[in-house]
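The lines below spell out each chain.
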Amino acid sequence: AGLWTVFTLGGVGSKAPPQLEQSSPLANQSLLLLLVLANLTDAPDTPNPYRQAIMSFKNTQDSTAFSSSSPHAFQINFNSLYTALCEQQKADQATLLLYMLLHQNGNVRTYVLARTDVENLV
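First, a word on scope: everything that follows refers to the structure included in this document. Quick caveat, the model's predicted, so the values are computed rather than measured.

1. Overview of the packing of aromatic side chains
Now for step 1: Applying the stated criterion across every chain, the model contains four aromatic pairs.
Now for step 2: Seen in terms of ring centroids, Y82 and Y111 are 6.3 Å apart; in terms of plane orientation they differ by 75 degrees. Their pairing is edge-to-face. Pair noted here: Y82 is in helix α5 (residues 78-87) and Y111 is in helix α7 (residues 106-114), with a separation of 29 residues, a long-range link. Each of the two residues, Y82 as well as Y111, counts as buried.
Now for step 3: Clustering of aromatic rings is evident, with ring pairs tying together F57, F74, F78, Y82 and Y111.

2. Observations regarding helix α4 (residues 49-56)
Now for step 1: Of all the positions in α4, only R51, A53, I54 and S56 are classed as buried.
Now for step 2: Taken together, the buried residues of α4 touch α3 (25-38), β1 (58-59), α6 (92-104) and α7.
Now for step 3: The N-terminus of α4 is capped by N48, whose side-chain oxygen sits 2.9 Å from the backbone nitrogen of Y50.

3. A word on the pattern of salt bridges
Now for step 1: Taken as a whole and assessed by the stated rule, the structure comprises two salt bridges.
Now for step 2: The salt bridge partner of R51 is D42, with a shortest N-O separation of 3.2 Å.
Now for step 3: The class for R51 is buried, based on a relative accessible area of 18%.
Now for step 4: In this structure, D117 engages R115 in a salt bridge whose closest nitrogen and oxygen atoms are separated by 3.0 Å.

4. Remarks on the packing of α4 against α6
The relative placement of two packed helices is expressed as an angle between their axes plus a distance between the axes.
Now for step 1: Two numbers describe how α4 lies on α6: the axes approach to 8 Å, and their chain directions differ by 70 degrees. Of the possible angle classes, the one that applies to α4 and α6 is roughly perpendicular. Of the residues in α6, those in contact with R51, I54 and M55 of α4 are M100, L101 and Q104.
Now for step 2: The residue makeup of the contact of α4 with α6, split by class, is four nonpolar, one polar and one charged.

5. Observations concerning the nonpolar core
Now for step 1: Judged by nonpolar contacts, the single largest core of 20 residues is most densely connected at L85, L97, L101 and L121.
Now for step 2: When contributions to this core are tallied by element, the ones reaching two or more residues are α3, α5, α6 and α7.
Now for step 3: Excluding residues that lie within four positions of it along the chain, L101 makes contacts with I54, F57, L81, L85 and V108.

6. Observations concerning α7
Now for step 1: V108, Y111 and V112 are the residues of α7 that are buried. When α7 is viewed along its axis, its buried side chains cluster within an angular range of 95 degrees and face the same direction. Set apart from the buried face of α7 by more than 90 degrees, the exposed residues are T110, L113 and A114.
Now for step 2: The elements touched by buried residues of α7 are β1, α5 and α6.
Now for step 3: For α7, the N-terminal cap is N105; the gap from its side-chain oxygen to the backbone nitrogen of N107 is 2.9 Å.

Cut-off values and rules
Residues numbered from 1 in each chain as written. Predicted model: local features only at pLDDT ≥ 70, side-chain atom pairs only at ≥ 80, totals over all residues. Heavy atoms only, no water. Phe/Tyr/Trp six-rings, centres within 6.5 Å; stacked < 30°, edge-to-face > 60°. Helix = DSSP H or I, 4+ residues; strand = E, 2+ residues; numbered from the N terminus. Buried < 20%, exposed > 50% of the residue type's maximum accessible area, 1.4 Å probe, protein only. Contact = heavy atoms within 4.5 Å. Polar contact = N/O pair within 3.5 Å; in protein donor to acceptor, adjacent residues only side chain to side chain. Salt bridge = Lys/Arg side-chain N within 4 Å of Asp/Glu carboxyl O. Axes fitted to C-alpha atoms, helices over the stretch in contact; angles between N-to-C directions. Parallel < 35°, antiparallel > 145°, perpendicular 65-115°, else oblique. Nonpolar A, V, L, I, M, F, W, Y, C, P; charged D, E, K, R; others polar. Core = buried A, V, L, I, M, F, W, Y, C linked by side-chain atoms within 4.5 Å. Arc of directions from axis to C-beta.

Printed below as a string of structure tokens:
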């Protein structure tokens, strides 16, 4: 939470509610670390592997074959991810993760747009 406060100029109006921070501090800190790592700038000769992973992961329930052409490719259950994001939308870091996923991962974007209960997310 301290690192997030630094990034938000003192935390004015963006501090997560106390019940969210205390309910799962490890998850909160892990999400903050993931966001920082995924938003590091690319080196001239190598792309950011965390950003590459965010951009390319796929749904475990997808019927298409999983190809491991990317060294950072992995699969995750999109239904569980969607449910978790819906439950945590009061936290700024969860909203930032959702924004990043919708803009950088076409698989997540397609999944969210195909859902019939998008109002839960909004």
